[in-house]
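The primary structure of each chain is shown beneath.
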Amino acid sequence: AYIAGIQPDALIMQRQLKRNLALAASRKISLIADALAGCGIETTIYSEAYPAERSGRYYPSLKTKVGKSQTPCFCAAGFDRRFLALPVGIFSLIKNVLHDHSRNRFDVVIVYNFSFVQALYIFMAIYLMKCRVFIEYEDDSTVSRDGRKRFTNYLSAWGVALLRRKISGCFAVSEHLLKQVGAPKGFLLPGVVESVKEKIRSDFTKREKSFIYAGSLHPDKGIDRLICAWSAWKNRGDWQLHITGNGPLAESVKAAALADASIHYHGTLDRDALEKLLDTCRIGLNPHRISQTAGNIIPFKLVEYIYRGTPVLSTPIEGLDPELKPALIVTRNDSVEAIAEGFRFAADQAQIDLDPIINHIEASYSTASLPMSLKNFVRLGDELK
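All figures in this text were calculated on a predicted structure; none of them were measured in a lab.

(A) How the structure looks around a nonpolar patch on the surface. Together, L98, F123, Y127 and L128 line one region of the surface with nonpolar side chains, adding up to about 370 Å² of accessible area. With three residues, the top contributor of residues to the nonpolar patch is helix 4 (residues 116-128). Among the secondary structure elements, L98 is positioned in helix 3 (residues 85-103).

Right under this line is the structure:
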């Protein structure tokens, strides 16, 4: 069982949702599910699929399939009202996981992230289902981005402290998160990419003079400062800015695109369309707000950008795989002025040899290499029983 909060396309269509709140997560979870299928591990994904549009509607549960492996996916029932969406989704998910487990016992439960909500699922898997548990850890929930702890952060930290010794293994985006969980065994997984057979063109200087941001349109992701920095970059000539994704700041991005002909907002693109756009753009963008805790946030999209032969203009980021760092053009901080300086510097950037980095990603984080890593990981779990 793979418990992860994703929103598959079938769910978006059934509920007629205006935006996908878990677009990036849905992509990477489906790729990991494909990798699990590639090493012969049968998987069922369970998602709370919280509705968050305040429609007041009740949504029934949904069964669908995701990824090229057509992995079964159960999306929990939801009640789109504040304070009710979370408990209704959790109850529906736990009920169905336990029901399916009683009919066909699961050997392993993988839980995506480690907040106080995920701690409930871990407790269920260990003490009620008697299963081994592995954590896929991407976002540190024990501290906020600004370094301060709020009530939910304390709850999450308590859950980690209580259950970390019961976990069989962890794969995480950074060493910081691996150490936080302290599982018997773990490996780094800063991203997952779909392996491609043809050689990816890494001579980015021959591409269009354009930057691309692909991701959530949320203040934490820095999209607001990115647009301000673009406006502050004077004498940019014929450089263009492409933005894809959705989120709370979507209307602001649309307005910026209407006001400035050099900004192109594409909305949410499917995978094929996004990859085609990535292959035409010269430099990727990662304007995330700087986290005060080094290594607790590593965006998956960095690996995807680089794998498509695109260097990345990024705000400072700690805890990244050292093999990936040569592909980054790092700003001095996450201010508007620093990002604008980064635009100017990146526009003059000479060719970077990305081929060794692309080969590293193919060998470590692609759907071609990941099945063997996961197979060895689960075999370790057998030894720990």
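Further notes follow.
(B) Summary view of the environment of G267. As for its placement among the helices and strands, G267 is situated in the loop between strand 13 (263-265) and helix 9 (271-278). Judged by relative accessible area, which is 14%, G267 ranks as buried. Measuring from C-alpha to C-alpha, the distance between G267 and T244 comes to 5.1 Å, with 23 residues separating the pair along the chain. Beyond its immediate sequence surroundings of up to four residues, G267 is in contact with I243, T244 and G245.

(C) Spatial organisation of the packing of helix 3 against helix 4. Between helix 3 and helix 4, the least distance of the axes is 12 Å, while the angle of their chain directions is 20°. As summarised for this structure, helix 3 and helix 4 are arranged roughly parallel, according to the angle between their axes. The crossing of helix 3 and helix 4 is right-handed. Where helix 3 abuts helix 4, its residues L86, I90, L93, I94, V97 and L98 lie against V117, L120, Y121 and M124.

(D) A look at the layout of surface pockets. One number sums up the size of the second largest pocket: a volume of about 600 Å³. Lining of the second largest pocket is provided by 28 residues; of these, A1, E42, T43, T44 and F106 occupy positions nearest its centre. Sorting the residues of the lining of the second largest pocket by element identifies strand 4 (62-66), strand 5 (71-75), helix 3, strand 7 (108-112), strand 8 (132-137) and helix 13 (370-384) as the ones contributing at least two each. By residue class, the composition of the lining of the second largest pocket is 15 nonpolar, five polar and eight charged.

(E) Geometry of the pairing of strand 12 (residues 240-244). A large share of strand 12 lies buried, amounting to four of its five residues. In terms of strand pairing, strand 11 (residues 210-214) meets strand 12 through five bridges, oriented parallel. Bridged to F211 within strand 12 is L241. Read from strand 11 through helix 7 (residues 223-232) to strand 12, the crossover connection turns out right-handed. Pairing of strand 12 with strand 13, which is carried by three bridges, proceeds in the parallel orientation.

(F) View of the environment of A35. Secondary-structure assignment places A35 in helix 2 (residues 23-38). Ignoring any residue separated from it by four or fewer positions in sequence, one finds A35 in contact with L370, P371 and L374.

(G) Geometry of the sheet that holds strand 15 (residues 312-314). Read across the open sheet, the six strands follow the order 13-12-11-14-15-16; overall the sheet is parallel. In this open sheet, the two strands that pair with only one neighbour each are strand 13 and strand 16 (328-330). Averaged over all pairs of adjacent strands, the angle between strand axes in this sheet comes to 25°, irrespective of strand direction. Each of strand 11, strand 12, strand 13 and strand 14 (283-286) is contacted by helix 7, which is oriented at about 165° to strand 12, the strand it contacts most. The sheet contacts of helix 9 involve strand 11 and strand 12, and relative to strand 11 the element is tilted by about 150°.

(H) Inspection of the packing of helix 7 against helix 11 (residues 336-347) at higher detail. Taken N-terminus to C-terminus, the directions of helix 7 and helix 11 make an angle of 60°; their axes are 8 Å apart at the nearest point. With respect to their mutual orientation, helix 7 and helix 11 come out oblique. Every pair of crossing elements has a handedness; the one defined by helix 7 and helix 11 is right-handed. Residues R225, L226, C228, A229, W230 and A232 of helix 7 touch helix 11, and the partners they reach there are V336, I339, A340, F343 and R344. Among the residues making up the contact of helix 7 with helix 11, the classes are represented as nine nonpolar, no polar and two charged.

(I) Representation of empty space enclosed by the protein within the structure. Scanning the entire structure with this criterion turns up two cavities of 30 Å³ or more. The space that makes up the largest cavity amounts to roughly 70 Å³. Every residue along the wall of the largest cavity is listed here: R27, V193, E194, V196, R271, E275, L278, E304, Y307 and R308. Breaking the lining of the largest cavity down by element, the ones donating at least two residues are helix 9 and helix 10 (301-307). Top contributing element to the lining of the largest cavity by residue count: helix 9, with three residues. Here the lining of the largest cavity is composed, by residue class, of four nonpolar, no polar and six charged.

Conventions used here
- Residues numbered from 1 in each chain as written.
- Predicted model: local features only at pLDDT ≥ 70, side-chain atom pairs only at ≥ 80, totals over all residues.
- Heavy atoms only, no water.
- Patch = residues over 30% accessible without salt bridge, like charges linked within 9 Å, V, L, I, M, F, W, Y side chains within 5 Å.
- Areas by Shrake-Rupley, 256 points an atom, 1.4 Å probe, with all protein chains shown as cover.
- Salt bridge = Lys/Arg side-chain N within 4 Å of Asp/Glu carboxyl O.
- Helix = DSSP H or I, 4+ residues; strand = E, 2+ residues; numbered from the N terminus.
- Buried < 20%, exposed > 50% of the residue type's maximum accessible area, 1.4 Å probe, protein only.
- Contact = heavy atoms within 4.5 Å.
- Axes fitted to C-alpha atoms, helices over the stretch in contact; angles between N-to-C directions.
- Parallel < 35°, antiparallel > 145°, perpendicular 65-115°, else oblique.
- Left-handed = near helix turned anticlockwise from the far one by under 90°.
- 1 Å grid on protein atoms, 1.4 Å probe; cavity = no way out; pocket = protein on both sides within 12 Å on 5 of 7 lines; lining within 4 Å.
- Points joined across faces, edges and corners; volume = space filled by probe spheres on them.
- Nonpolar A, V, L, I, M, F, W, Y, C, P; charged D, E, K, R; others polar.
- Pairing = 2+ DSSP bridges.
- Right-handed = clockwise from strand over helix to strand, strands pointing away.

Read these as layout, nothing more, since geometry by itself doesn't imply function.
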